[in-house]
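Chains, contacts and geometry: an overview
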Amino acid sequence: MERNPLPRQVALMRQSLFDQGYLDEQFVQLEELQDNTNPHFVEEVATLFYRDSARLLANIDQAMERTPLDFAKLDNYMQQFKGSCSSIGAKKVKSECTQFREYCRAGSSEGCTRTFQHMKREYSTLKKKLETYFQLARQVGPSNSASRS
Amino acid sequence: MTTKLVAHSALVVDDDVMARTIHKRLFEREGWLVKAVVNGHEAVELFRQGDRFDLVLMDKEMPVLDGVHATTELRAMGVQCHIVGVTSCTDSLEVESFIGAGLDAFYAKPLNPAKLGRIIQHFHDDDRRQ
C-alpha cells in the first residue's frame, strides 16, 4: 500500500495534461530547464504566461468591441498571444489562436467571435488545470519534477 | 598549470518577458553570462556605451526598434559578434529580410535546449574559423 499517494497523483495529473492535448513537447523542454538552482522554473514561466495572457486577452477583448473589426490589429494581438502559448506548450489554446488568425485573414467577424470564445474557454481550463497541478507538485516537493511516464 | 575558463556572454533582445526568461535560462544553464533587454533600441544603446557580447539573440518583432532595424544598425556600427535572429513569424519574405539585415543564423521560436545547442555549436565553429 502506498505510503503517500500524492507523487503518483501528481504524475498522473501531469500525464493527463499531455494525453488530453492541453500541453505539448515545449512544456517538457521547460521542465528540463528546472534543477536544484531553479526548482520552480516552470511554475515561474506559467505565472508569466498568466500575466501576459491577461494583458493580451484584455487587448483582444477591447478590439473585438470595435465595429467594424480591425482584422490587422486583431491578427497582431493574436500573433503575440500565440507566441506566449508556444513558449509554454499550450497546445489547444495555440490551435485556437491559429484558427482565429485564419478568420482574421478571411475577414470573418463571426468566425473571429466564435473562435475567441472557444479560445477563452480553453485558456481558462488550462489555467485552472496548471494551477492545480503546480499546487499539488509543490506539496510533493522539487524532487518530483517531471517524470515522463 | 591552470587553465582559465572564460565564460561567454550573450545579450537576449526580446519584448516578450516569457521568451526573455526562457532564453536567458537556456544560456545560463550552459554557463554563459546573460543580459536581457526589451527592444532593439536598448540593445543598440548598450553597444554604443561600449558593452560587448559574444552573441546577440535578437527577436524580430519588437516595439521602439525591431530586430531587423536593430541588426542593421549594429552591423553599420561595426559590431561583428554573432547575431542570431529568432521569431515566430512564418512569412518567408519577412524572414529573408531579417536574415539580410546581417544575421549569422536564424531560428524559429520557441527555442529549446536542442536549438540552443546548435546555436552554440555554430558560434564555436565560427569562432574557430576566425
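Here goes a summary of the coordinates provided. Note that the coordinates shown come from a computational prediction; the quantities given were computed from them, not determined experimentally.

Moving on, we come to the overall build of chain B. Assigned secondary structure in chain B consists of five helices and five strands. In chain B, the succession of helices and strands from N to C terminus is β-α-β-α-β-α-β-α-β-α. Relative to a compact globule of 130 residues, whose C-alpha radius of gyration would be 14 Å, chain B shows 14 Å and is just as compact. C-alpha extents for chain B along the principal axes are approximately 50 × 30 × 30 Å. Within chain B, buried positions represent 48% of all 130 residues. Looking at chain B alone, contacts between residues at least 24 apart form 61% of all its contacts between residues at least 6 apart. Once the 15 positive and 20 negative side-chain charges of chain B are each reduced to a mean point, those two points are 7 Å apart.

Two faces, one strand: in a regular strand the side chains alternate between the faces of the sheet. Residue and element names in this part refer to chain B. Here strand E1 (residues 9-13) runs beside strand E2 (residues 33-37); their pairing, made up of five bridges, is parallel. Residue alanine 10 lies in a different strand from E2, and its bridge partner there is valine 34. For the crossover from E1 across helix H1 (residues 17-29) to E2, the handedness is right-handed.

One can find aspartate 16 of chain B in the loop between E1 and H1. Although aspartate 16 of chain B lies buried, it forms no salt bridge, and the closest oppositely charged side chain, lysine 109 of chain B, sits 4.8 Å away as judged by the N-O distance. Sequence-distant contacts of aspartate 16 of chain B, that is, excluding residues within four places in its chain, are made with Asp52 and Ser84 of chain A.

Residue and element names in this part refer to chain B. Within the span of helix H3 (residues 67-76), buried status applies to Gly67, Val68, Ala70, Thr71 and Leu74. Angularly, the buried residues of H3 cover 165 degrees about the axis, an arc narrow enough to put them on a single face. For H3, the secondary structure elements touched by its buried residues are helix H2 (40-48), strand E3 (55-59), strand E4 (82-87) and helix H4 (92-100). Backbone nitrogen of valine 68 and a side-chain oxygen of the N-cap are separated by 3.1 Å at the start of H3; the cap is aspartate 66.

Attention shifts here to the packing of aromatic side chains. All names here are of chain A. Using the criterion set out here, one finds 11 aromatic pairs over all chains in the structure. Both rings, one in phenylalanine 27 and one in phenylalanine 134, keep their centres 6.4 Å apart while their planes meet at 40 degrees; by these two values the pair is tilted. Of this pair, phenylalanine 27 sits in helix H2 (residues 25-31) while phenylalanine 134 sits in helix H6 (residues 109-140), and the two are 107 residues apart along the sequence. Each of the two residues, phenylalanine 27 as well as phenylalanine 134, counts as buried. Clustering of aromatic rings is evident, with ring pairs tying together Phe18, Phe27, Tyr133 and Phe134.

Let us look at the pairing of strand E5 (residues 105-108) of chain B. All names here are of chain B. Alternating positions in E5 separate cleanly, Ala105 and Tyr107 being buried on one face and Phe106 and Ala108 remaining unburied on the opposite face. Relative to E5, E4 runs parallel, the two being bridged by four bridges. Across the sheet, residue valine 84 finds its bridge partner in E5, namely alanine 105. Each parallel crossover has a hand, and the one from E4 via H4 to E5 is right-handed.

Cut-offs used in this document
Residues numbered from 1 in each chain as written. Chains lettered and ligands numbered in written order. Predicted model: local features only at pLDDT ≥ 70, side-chain atom pairs only at ≥ 80, totals over all residues. Heavy atoms only, no water. Helix = DSSP H or I, 4+ residues; strand = E, 2+ residues; numbered from the N terminus. Rg over C-alpha atoms; globule rule 2.2 N^0.38 Å. Buried < 20%, exposed > 50% of the residue type's maximum accessible area, 1.4 Å probe, protein only. Contact = heavy atoms within 4.5 Å. Lys, Arg positive; Asp, Glu negative; His and termini not counted. Charge placed at Lys NZ, Arg CZ, Asp CG, Glu CD. Pairing = 2+ DSSP bridges. Right-handed = clockwise from strand over helix to strand, strands pointing away. Salt bridge = Lys/Arg side-chain N within 4 Å of Asp/Glu carboxyl O. Arc of directions from axis to C-beta. Polar contact = N/O pair within 3.5 Å; in protein donor to acceptor, adjacent residues only side chain to side chain. Phe/Tyr/Trp six-rings, centres within 6.5 Å; stacked < 30°, edge-to-face > 60°.

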